[in-house]
Each structure stands twice: as C-alpha cells, then as structure tokens.
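Geometric and topological summary
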Amino acid sequence: MNETYRNAVVKMEEQGIQEEYILGWQGGFLGHPPREDTRKTEAYDAGYEDGQGKNLGNIGDWKK
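Described below are features of the structure shown in this document. Remember, predicted model here, so these are calculated numbers, not experimental data.

**Things to note about the nonpolar core**
Within the largest apolar cluster, 13 residues are counted, with the highest numbers of intra-cluster contacts made by Tyr 5, Met 12, Ile 17, Tyr 21, Trp 25, Ile 59 and Trp 62. Sorting the residues of this core by element identifies helix H1 (3-14), helix H2 (19-30) and helix H3 (42-52) as the ones contributing at least two each. Ignoring anything within four residues of it in the chain, the contact list for Ile 17 reads Met 12, Ile 22, Ile 59, Trp 62, Lys 63 and Lys 64.

**Notes on the packing of H1 against H2**
Axis separation between H1 and H2 bottoms out at 11 Å; the angle between their running directions is 170°. Regarding the angle of H1 to H2, the classification is roughly antiparallel. For the pair formed by H1 and H2, the contact residues are Thr 4, Tyr 5, Ala 8, Val 9, Met 12 and Glu 13 on the first element and Tyr 21, Ile 22, Trp 25, Gln 26, Phe 29 and Leu 30 on the second. Split by residue class, the contact of H1 with H2 holds nine nonpolar, two polar and one charged.

Cut-offs used in this document
Residues numbered from 1 in each chain as written. Predicted model: local features only at pLDDT ≥ 70, side-chain atom pairs only at ≥ 80, totals over all residues. Heavy atoms only, no water. Core = buried A, V, L, I, M, F, W, Y, C linked by side-chain atoms within 4.5 Å. Buried < 20%, exposed > 50% of the residue type's maximum accessible area, 1.4 Å probe, protein only. Helix = DSSP H or I, 4+ residues; strand = E, 2+ residues; numbered from the N terminus. Contact = heavy atoms within 4.5 Å. Axes fitted to C-alpha atoms, helices over the stretch in contact; angles between N-to-C directions. Parallel < 35°, antiparallel > 145°, perpendicular 65-115°, else oblique. Nonpolar A, V, L, I, M, F, W, Y, C, P; charged D, E, K, R; others polar.

Encoded structure:
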C-alpha cells in the first residue's frame, strides 16, 4: 500500500475528519471515478478534489 496514502488516511481519522470528506479524498487520490451526482455531498466533493491533488491542507475545515 502507498505509504503516503496510508499516512494521510490515518492522520484524517485521528483528527476526526468527516467520513464523507475522507471517502472523497480516498477516491480522488486513487483516481476512482467520482460518485454520481445524487450521492455527492459538499464534504465528498471537497475531499475528492483535494485527494486528486494529494492535498491535506484543507482537512481542518472538515472536522466532525
């Protein structure tokens, strides 16, 4: 498993980041197609975009 990916997910879980953001981040990081529009949330979309850029700079905005 990619260490960068694992470390990022562990960090987000430890900081209490919203699950929808984490799921979006994971999908974006791994290059998965985005969810269909009816299942998207603001947190998912933000996470997906950040995951595509491998960016952790916005995770503080998505604490539970």
